[in-house]
Amino acid sequence: MPDRPMGPSILWFRDIGKNDVAIVGGKGANLGEMANRNFPVPPGFVVTADAYFRYLDEEDIREKIVSAIDAIDVENTKQLEEASAEVRRLIKRTKMGAPLAMEIRKAYQRLGEKQLAWMTSREEDFVAVRSSATAEDLPEASFAGQQETYLNIKGPDNVVDAVQRCWASLFTARAVYYRKKNNFPTDQVGIAVVVQKMVDSSISGIMFTADPTGDETKMVIEAGFGLGEAIVSGSVTPDTYIIDKGGMKLLEKKIHQQEFKIVRKGRENVKEKLAAAVAKKQKLPDKNIMELAKMGRQIEQHYRRPQDIEWAIDKESKELFIVQSRAITTLGMKNKVESQKARKKNLSEFEDRIILRGLAASPGAASGFVRVVLNEAQMQKVHEGDILVAKMTSPSWVPIMKRSKAIITNEGGITCHAAIVSRELGIPCVVGTEKATEILEDNDIVTANGFDGVVYKGEIEIEKPVIEKAVIIERGDVDKIEKVLEAEAELEEEEKKFGKPEEKPSIALQEIAEEAEQHAEFEERVEEERREIVEEAGEEAREIVKEYGSVEAEKMPEKDLV
C-alpha cells in the first residue's frame with residue numbers, strides 16, 4: 001500500500017513526468033517525460049497504480065494476495081508455479097468495479113478522437129496494453145519483460161479486459177521469483193498499465209546509447225523488419241550497427257539474414273516469410289541509422305545517463321517513433337571489460353579450439369558442462385554451474401538462467417532477452433551462434449567467452465590482461481568536472497593579471513569538497529584523480545563536457561525529431 005494519498009485512476013502522457021514512477025510505473029513515467037519534451041512518442045494514457053491498489057481494497061483481495069505470495073519458497077518450483085497461478089486466477093475472476101471500467105472505456109474512446117474542422121470523429125484504434133510495474137525500469141533494476149504486454153487490442157471492453165490481465169501478470173511465477181530474489185516487498189509493489197496507440201512498423205529495433213557490455217563511447221542499434229517482438233524475443237538475429245558517440249560516425253555494420261518478420265494481421269501478430277533477396281538486405285539505411293543515433297544521444301543527454309530505447313518506423317507514414325526509453329542497468333559491469341586487443345593476443349593459441357562464433361552479449365568467461373534445453377519441459381536438467389544452451393530464452397526461463405554459469409543461444413542479438421538477463425545476472429553470454437543446439441550435446445565441456453562472442457571446446461583459462469588504471473569520467477560527474485575546469489581557467493586569468501596567488505583554493509573546488517564529504521565514493525575519486533584529470537586528461541574532459549553538457553533535449557529543433 002503506498003504511503004501517500006490516493007490519486008487519479010487515469011493520467012494522460014501530458015500529465016506525467018519522470019518523477020512519477022510510484023504512480024505510473026517506469027514505462028509510464030518515461031513515456032510521459034519524453035512526450036512532454038516533444039520526442040515522437042505515440043499518444044496514450046496510463047491506468048495508475050492507485051487504480052490497482054483501489055481495486056484490491058474495494059474487492060477485498062489485498063491480504064489474500066500478500067499472504068499467498070509471502071508464503072512461497074521461490075526455489076521450490078512447483079510451489080512457486082501453483083501459488084502464483086492461484087493468485088492470477090483470483091485477480092482475473094474478481095471483476096473490476098463499474099466506475100473504473102467506465103473511466104478506462106472513455107479514455108480509450110478519447111484516444112481515437114480526430115478533429116475534422118468543427119467535427120469530431122471517433123475510431124477504435126489498435127493499442128498496446130503494457131504493464132508498468134512501479135519497481136521496474138529503475139536505474140538499479142530492470143524487470144526484463146517480467147510482466148505482460150498485450151498487442152493489437154481493439155475495442156473498449158477488450159481494453160478493460162487487457163488491463164485486468166496486466167494486473168494479474170504482476171504475479172507470474174517469473175515475476176514473483178525476480179522480485180523476491182531482489183527483495184521487493186509484495187505489499188509495496190504496485191502496477192500501472194500503459195495504453196498506447198500501436199505503431200504498425202515496417203522496421204523496428206532497440207538502441208543502446210552506450211554499449212551494454214561496458215563501452216560508453218559507443219552506441220549500439222539493432223534493427224529488423226516488421227514488429228519488434230521478433231528482436232526482443234530473440235527469434236531472429238537482427239542487424240547490428242555500432243556508432244562512435246563522440247564523433248557520430250558509423251563504425252561497424254553486421255548484416256544478418258532475417259528469414260521471417262512478424263506483422264499484424266487483423267488482431268493477431270503472425271510470422272511472414274521473407275523472400276531470399278529481402279532477407280539479406282540491410283534493414284536500416286545508413287542515413288536513418290545516423291538520424292536515429294542523433295535522437296538517441298539527445299534522449300541520453302536529457303536523462304543524463306545512458307538509455308535503452310525501443311524504436312519503430314511506421315509502415316504507412318514512414319515516421320520514426322520512440323516507444324520506450326529506460327536507463328541501462330548493467331553499465332556497472334564495465335570493470336569486467338578489458339583490452340580486447342591484449343585479450344585476443346593471449347587467446348590466439350586457442351583459435352583452433354573455437355567451435356562456435358556469435359555475438360558478445362554479456363562480458364566474462366566461464367567453463368562448464370553443457371545442458372541443451374529445447375523446451376520448458378527440459379528445464380529441470382539444468383543444475384547450478386551448468387552452461388545453458390538453447391535456441392533462445394524467454395522470461396519464464398529466468399530461474400534456470402540464474403542457476404547457469406553461462407548462456408549460449410542459436411538466435412538473438414545483444415538486445416534479446418537472453419542478453420539482457422545475462423548482463424543483469426553478471427554471467428557470460430554468447431548469442432546468435434545459429435547452431436549451438438546442433439553442435440553441442442549434454443555433458444560436453446566448453447568455455448563460453450562473452451567478451452568476444454566465441455565458444456571453445458574444452459576448458460580454457462581466459463586470463464584478464466593487466467591494464468593501467470584509466471581515468472574514468474562518470475556521466476554524473478560531468479557537472480562537477482566542468483566546475484573544476486572553470487575554476488582552473490579563472491585561476492589562470494588571475495595569475496596573468498595579478499601574479500600567482502598563495503595557496504588559495506577555488507570556490508568551485510571547495511563546493512565539490514563539501515559535497516564529497518557526503519559522498520565517499522566521489523570524494524575518493526576527486527582526491528586521488530583530480531590532478532590527473534586536470535593535468536593529464538584536461539583536453540579529454542573538456543571534450544566530454546562539450547559533448548554531453550551543451551545540448552538539452554527540450555531545446556532540440558522540431559525538425560530534428562523526425
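Scroll up for the structure.
What counts and how
- Residues numbered from 1 in each chain as written.
- Predicted model: local features only at pLDDT ≥ 70, side-chain atom pairs only at ≥ 80, totals over all residues.
- Heavy atoms only, no water.
- Salt bridge = Lys/Arg side-chain N within 4 Å of Asp/Glu carboxyl O.
- Helix = DSSP H or I, 4+ residues; strand = E, 2+ residues; numbered from the N terminus.
- Buried < 20%, exposed > 50% of the residue type's maximum accessible area, 1.4 Å probe, protein only.
- Phe/Tyr/Trp six-rings, centres within 6.5 Å; stacked < 30°, edge-to-face > 60°.
- Pairing = 2+ DSSP bridges.
- Disulfide = S-S within 2.5 Å.
- Axes fitted to C-alpha atoms, helices over the stretch in contact; angles between N-to-C directions.
- Contact = heavy atoms within 4.5 Å.
- Parallel < 35°, antiparallel > 145°, perpendicular 65-115°, else oblique.
- Left-handed = near helix turned anticlockwise from the far one by under 90°.
- Nonpolar A, V, L, I, M, F, W, Y, C, P; charged D, E, K, R; others polar.
- Polar contact = N/O pair within 3.5 Å; in protein donor to acceptor, adjacent residues only side chain to side chain.
- Core = buried A, V, L, I, M, F, W, Y, C linked by side-chain atoms within 4.5 Å.
- Expected span 1.5 Å × (residues − 1).
- Arc of directions from axis to C-beta.

Trainee: Can you walk me through the pattern of salt bridges in this structure?
Mentor: Oppositely charged side chains can pair when the atoms bearing their charge come close. If you walk through the whole model with that rule in mind, you get 21 salt bridges. In this structure, the salt-bridge partner of Lys 245 is Glu 300, at a minimum N-O distance of 3.0 Å. Highlighted residues: Lys 245 in the loop between strand S10 (239–244) and strand S11 (249–254) and Glu 300 in helix H10 (residues 286–303), separated in sequence by 55 residues. Residue Lys 245 is classed as buried on the basis of its relative accessible area, which comes to 0%. Each of Arg 130, Asp 308, Glu 310 and Arg 326 takes part in a single network of salt bridges with overlapping partners.

Trainee: What is the right way to read the packing of aromatic side chains from this model?
Mentor: Aromatic ring pairs: the centre-centre distance and the angle between the two ring planes describe each pair. The tally for this structure, following the rule as stated, stands at four aromatic pairs. Measuring from centroid to centroid gives 4.6 Å for Tyr 55 and Trp 167, while their planes differ by 35°, and the two rings are tilted. Here Trp 167 lies in helix H6 (residues 156–169) and Tyr 55 lies in helix H2 (residues 49–58), a separation of 112 residues in the sequence. Residue class for Trp 167 comes out buried when judged on its relative accessible area of 0%.

Trainee: Sorry, what's going on with the pairing of S11 here?
Mentor: Here is the key point about a regular strand: its side chains alternate between the two faces of the sheet. Relative to S11, S10 runs antiparallel, the two sharing five bridges. Bridge pairing in S11 links Thr 240 to Lys 254.

Trainee: Would you mind showing me how to read the state of the cysteines here?
Mentor: Here a disulfide denotes one covalent bond, and it connects the sulfur atoms of two cysteines. One pass over the full model with this rule turns up zero disulfides. The thiol of Cys 416 is unpaired, and the distance to the nearest cysteine sulfur, on Cys 429, comes to 6.4 Å. Residue classification places Cys 416 among the buried positions, given a relative accessible area of 2%.

Trainee: What's the story with the sheet that holds strand S1 (residues 10–12) in this structure? I'm lost.
Mentor: Backbone hydrogen bonds hold the strands of a sheet together, and the pairing may be parallel or antiparallel. As summarised here, the arrangement of the five strands in space is S1-S2-S7-S5-S6, forming an open sheet in which the pairing is antiparallel. Of all the strands in the sheet, the pair left with one neighbour each is S1 and strand S6 (149–153). Direction aside, the axes of adjacent strands within the sheet are offset by 20° on average. Of the strand pairs in this sheet, strand S2 (residues 44–47) and strand S7 (residues 191–197) are connected by four bridges, and their pairing is antiparallel. In the sheet register, Gly 44 faces S7, and the bridge partner there is Gln 196. The sheet strands contacting helix H1 (residues 21–36) are S1, S2, strand S5 (127–133) and S7, and the helix crosses S5 at an angle near 125°.

Trainee: I would appreciate a short explanation of the sheet that holds strand S8 (residues 201–208) in the present structure.
Mentor: Spatial ordering of the open sheet is given by S11-S10-S9-S8-S14-S15, a layout of six strands whose pairing is antiparallel. Each edge of the open sheet carries a strand with a single partner, namely S11 and strand S15 (320–327). The sheet shows a mean angle of 20° between the axes of neighbouring strands, direction not considered. Of the pairings in the sheet, the one linking S8 to strand S14 (residues 307–314) comprises seven bridges and is antiparallel in character. By the bridge assignment, Ile 203 is partnered in S14 with Ile 313.

Trainee: Any chance you could explain the packing of helix H4 (residues 77–93) against helix H7 (residues 173–181) here in plain terms?
Mentor: Packed helices, taken two at a time, are described by the angle between their axes plus the distance between the axes. At a minimum axis separation of 9 Å, H4 and H7 run at an interaxial angle of 110°. Taken together, the axes of H4 and H7 are roughly perpendicular relative to one another. Crossing angle aside, the handedness with which H4 passes H7 is right-handed. Residue-level inspection shows Leu 80, Glu 81, Ser 84 and Arg 88 of H4 in contact with H7, the latter providing Ala 173, Val 176 and Tyr 177. Split by residue class, the contact of H4 with H7 holds four nonpolar, one polar and two charged.

Trainee: I'm lost on the environment of Glu 259 in this one. Help?
Mentor: With respect to the element layout, Glu 259 can be found in the loop between S11 and strand S12 (260–265). With 17 residues separating them along the chain, Glu 259 and Ala 276 place their C-alpha atoms 7.7 Å apart. With near-sequence residues (within four places) excluded, Glu 259 lies in contact with Lys 273 and Leu 274. There is a polar contact of 2.9 Å between the side chain of Glu 259 and the side chain of Gln 257.

Trainee: I tried to follow the nonpolar core on my own but got confused; where do I start?
Mentor: Generally speaking, soluble globular proteins have nonpolar side chains that are buried together. Formed by 50 residues in total, the largest nonpolar core has its most connected members in Val 47, Ile 65, Ile 104, Val 129, Val 163, Trp 167 and Phe 171. No other element matches H6, which puts seven residues into this core. Excluding residues within four positions of it along the chain, Phe 171 makes contact with Tyr 52, Ile 65, Ile 69, Ser 84, Val 87, Arg 88, Ile 91, Val 176, Arg 179 and Thr 186. Counting 36 residues, the second largest nonpolar core, distinct from the first, contains Ala 192, Ile 289, Tyr 303 and Ile 309.

Trainee: What should I look at first to understand helix H5 (residues 98–111) in this one?
Mentor: The α-helix winds at 3.6 residues per turn, so residues separated by three or four positions along the chain end up facing the same way. For H5, with 14 residues, the first-to-last C-alpha span of 20 Å sits near the 20 Å given by 1.5 Å per residue. Listed as buried for H5 are Leu 100, Ala 101, Ile 104, Ala 107, Tyr 108 and Leu 111. Considered in projection along H5, the buried side chains sweep an arc of 125° and stay on one side of the axis. Within H5, the exposed residues directed more than 90 degrees away from the buried face are Ala 98, Pro 99 and Lys 106.

Trainee: Explain the packing of H4 against H6 here, please?
Mentor: Direction vectors running N to C along H4 and H6 enclose 155°, while the axes themselves pass 8 Å from each other. When the axes of H4 and H6 are compared, the pair comes out roughly antiparallel. Seen from above, H4 lies across H6 with right-handed handedness. Residue-level inspection shows Arg 88, Ile 91 and Lys 92 of H4 in contact with H6, the latter providing Gln 164, Arg 165, Trp 167 and Ala 168. Partitioned by chemical class, the residues of the contact of H4 with H6 number three nonpolar, one polar and three charged.

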